[in-house]
Amino acid sequence: MARQENKPKVRRSLQTRLAIGYAAIIAALLILLNTYPLITTQNLMFRSQQTALQNQAALVTNSLTTADELTPETVEQTITPLEDLDVQRVLITDEAGLVLYDTGENSQVGKYALTREVVSALRGSDAFASEYQDGVFSSRAASPIMTRNTVVGAVCLYEADSSQGVLLNEIQNNLRLISLVVCLAVLALFTAFSRMLTRRVSMLLAGIRRVREGEYTHRVSLDGQDELGQLADEFNQLTGRLQTTEEERRRFVSDASHELKTPLASIRLLTDSILQDENIDRETTLEFVGDIGEAADRLIHISQELLALNRLDEGRAILREPVEVNREAEKTCRMLAPLAEEAQVTLEKNLGPDCAARCSREDVDQIFRNLMENAIKYNVPGGKVIVTTAREGDQIRLEVADTGVGIPREDMDRIFERFYRVDKARSRAAGGTGLGLSIVRDTVRSHGGQISVAPREEGGTVFTVYLPVWKEEAP
């Protein structure tokens, strides 16, 4: 039930946000589409009206400047021949604003015309005013009548143009139709896009929930190379890592349980034998107790290695100091000399100069001890273990080679896995847990180094470790 409630909630939230965003963008675009062209067209029409009226006003003023005196008679005689005037009304005043000539329906002759345009013209400036209302452009233009640089009157022309108003209305209607079509198209595209997007997001959410419930084998398949497709690829890689980690965890728990079970079973069997047999002799008892001690030592050894792996996994603070690798190699050779002598294996050293690594003594000792112990245990009688150190640029190379039976190539990629053994029977007989090489690998990596394994041409195996050179850090 929780899944059914969450899914619509997420989808609704995403669609709502997308709808609000798209609505805001489309609203802004539609407002711009329905205002800017109309304002621009209206301004063009105003300028056209202004140019036409001012040109005609100039024609009238030029005609009137030739008159000796502005009177109603002289004005009418001058204006009558001007048949090219295409205006609704012509109004002419003297220098005081008294109307001398007026072609309007309600003639103002003999009255004073003190409109803003006329007053501006009597002051010697051209004036123009226009407004658009009820589908009609109403315009007024006034110009001064000049005689010898003196204002002797004013001409004011009136015009009402409904044809341009009709044109502007048609443009406005067309824009509204275009806006409606755009809205419908955007609505259809948004619906399709939002459904596709929310469907893909829902697939990702469903995949996340299934993985959260422990189904690490689940993969999400999304088409496309966009961000959601890349997110699906990253999700699949993440689930793959989780699946691998979970498999390793289960295998680790199983192997660790098996490793601990063997010595514990031996201890239990031996103690039961001692307790249940009342006639057991002292020599047998001591032998059983010795076996119990060996099993306990094995448990301690496994516990120590598990703790070392846990420390490396947790990424605890690591001590880094200058470590003379040659000194640690010689010390490890001395410690393992009895084991090598018992296995009839010769230890050889080839130590180069100036081999101070940036590591910790404990970790270098652990690297050498694990690699050399394996090289001795899995060698052949009369074989050799060759320990080599050298400085190569900014790295110290540690090399442990043996002349043993070697490692099959198909196992070389897995020998660093925890509890992995090439020869399980022989490994347990040698006292190995399958954790040593894992500890070495993780230890080397924790110090920024590298480790590799390869077969030797002469037979056997060589492990190569690179650790960073110690450098004095600036204070």
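I will try to describe carefully the structure that is included in this document. Source: prediction; values computed, not measured.

**Remarks on the overall build of the protein chain**
Move 1: Of regular secondary structure, the protein chain possesses 11 helices and 12 strands.
Move 2: Counting every position in the protein chain, which comprises 475 residues, the buried fraction comes to 38%.
Move 3: A separation threshold of at least 6 residues defines the contact pool for the protein chain, and within that pool the share at least 24 residues apart is 66%.
Move 4: Of the roughly 28200 Å² of accessible surface on the protein chain, a fraction of 52% belongs to carbon and sulfur atoms.

**Considerations on the nonpolar core**
Nonpolar side chains in soluble globular proteins tend to end up buried together.
Move 1: Formed by 35 residues in total, the largest nonpolar core has its most connected members in Phe368, Leu371, Phe463, Val465 and Leu467.
Move 2: Of all the elements in the fold, those that place two or more residues in this core are helix H7 (325–342), strand S8 (356–359), helix H8 (361–377), strand S9 (384–392), strand S10 (395–402), helix H11 (436–446), strand S11 (450–455) and strand S12 (461–468).
Move 3: Ranked by size, the runner-up nonpolar core spans 17 residues in total, among them Val60, Ile79, Leu85 and Tyr101.

**Some details on the pattern of salt bridges**
Move 1: In the structure shown here, the tally under the stated rule is 14 salt bridges.
Move 2: Across the salt bridge formed by Asp102 and Arg89, the nearest N and O atoms sit 2.8 Å from each other. Of this pair, Asp102 sits in strand S2 (residues 99–102) while Arg89 is found in strand S1 (residues 89–94), placing the two residues 13 residues apart along the sequence.
Move 3: The residue Glu399 makes a salt bridge to Arg397 at a minimum N-O spacing of 2.9 Å.
Move 4: Arg397 gets classed as buried once you look at its relative accessible area, which sits at 15%.
Move 5: Linked through salt bridges whose partners overlap, the residues forming this network are Arg116, Glu117, Glu131 and Arg140.

**Overview of the sheet that holds strand S3 (residues 127–133)**
Move 1: Pairing is antiparallel across the open sheet formed by 5 strands, whose spatial order is S2-S1-S5-S4-S3. Here the strands that pair on one side only, and so sit at the sheet edges, are S2 and S3. Strand-to-strand twist of the sheet, defined as the mean angle between neighbouring strand axes without regard to direction, takes the value 15°.
Move 2: Looking at chain direction, S3 and strand S4 (residues 136–147) are connected through 7 bridges and run antiparallel. The residue bridging Phe128 from the neighbouring strand is Ala141, located in S4.
Move 3: Against the sheet, helix H2 (residues 72–79) makes contact with S1 and S2, and its axis sits at roughly 30° relative to S2, the strand it touches most.

**So, the packing of aromatic side chains**
Move 1: Counted under the stated rule, the structure contains 1 aromatic pair.
Move 2: Geometrically, the ring pair formed by Tyr132 and Phe137 is tilted, given 4.6 Å between the ring centres and 40° between the ring planes.
Move 3: Taking the relative accessible area as the measure of exposure, Phe137 reaches 0% and is therefore buried.
Move 4: The lysine or arginine in question, Arg89, covers the ring of Tyr158, its NZ or CZ lying 4.9 Å from the ring centre.

**Some remarks on a negative patch on the surface**
Move 1: Taken together, the side chains of Asp277, Glu278, Asp281, Glu283, Glu287, Asp291, Glu294 and Asp297 present a region of like negative charge at the surface.
Move 2: Turning to its location among the elements, Asp281 is positioned in the loop between helix H5 (227–276) and helix H6 (282–314).

**Here's the deal with H8**
Move 1: Its 17 residues place the ends of H8 24 Å apart at the C-alpha level, agreeing with the 24 Å of an ideal helix rising 1.5 Å per residue.
Move 2: The set of residues buried in H8 consists of Asp363, Val364, Asp365, Gln366, Ile367, Phe368, Asn370, Leu371, Met372, Ala375 and Ile376.

**Quick word on the side chain of Arg397**
Move 1: By the element assignment, Arg397 lies in strand S10.
Move 2: Of note is the side chain of Arg397, whose polar atom sits 2.6 Å from the side chain of Glu392.
Move 3: A distance of 2.9 Å separates the side chain of Arg397 from the side chain of Glu399, its partner in a polar contact.
Move 4: Sequence-distant contacts of Arg397, defined by excluding residues within four places in its chain, comprise Thr388, Thr389, Ala390, Glu392, Thr464, Val465 and Tyr466.

**With respect to the environment of Leu30**
Move 1: Its location among the elements puts Leu30 in helix H1 (residues 2–64).
Move 2: The exposure class of Leu30 is buried, given its relative accessible area of 16%.
Move 3: With 146 residues separating them in the primary sequence, Leu30 and Arg176 have C-alpha atoms 9.0 Å apart.
Move 4: Non-local contacts of Leu30, meaning those with residues more than four positions away in its chain, are made with Ser179, Val182 and Cys183.

The rules behind the values
- Residues numbered from 1 in each chain as written.
- Predicted model: local features only at pLDDT ≥ 70, side-chain atom pairs only at ≥ 80, totals over all residues.
- Heavy atoms only, no water.
- Helix = DSSP H or I, 4+ residues; strand = E, 2+ residues; numbered from the N terminus.
- Buried < 20%, exposed > 50% of the residue type's maximum accessible area, 1.4 Å probe, protein only.
- Contact = heavy atoms within 4.5 Å.
- Areas by Shrake-Rupley, 256 points an atom, 1.4 Å probe, with all protein chains shown as cover.
- Core = buried A, V, L, I, M, F, W, Y, C linked by side-chain atoms within 4.5 Å.
- Salt bridge = Lys/Arg side-chain N within 4 Å of Asp/Glu carboxyl O.
- Pairing = 2+ DSSP bridges.
- Axes fitted to C-alpha atoms, helices over the stretch in contact; angles between N-to-C directions.
- Phe/Tyr/Trp six-rings, centres within 6.5 Å; stacked < 30°, edge-to-face > 60°.
- Lys NZ or Arg CZ within 6 Å of the ring centre and 35° of its normal.
- Patch = residues over 30% accessible without salt bridge, like charges linked within 9 Å, V, L, I, M, F, W, Y side chains within 5 Å.
- Lys, Arg positive; Asp, Glu negative; His and termini not counted.
- Charge placed at Lys NZ, Arg CZ, Asp CG, Glu CD.
- Expected span 1.5 Å × (residues − 1).
- Polar contact = N/O pair within 3.5 Å; in protein donor to acceptor, adjacent residues only side chain to side chain.

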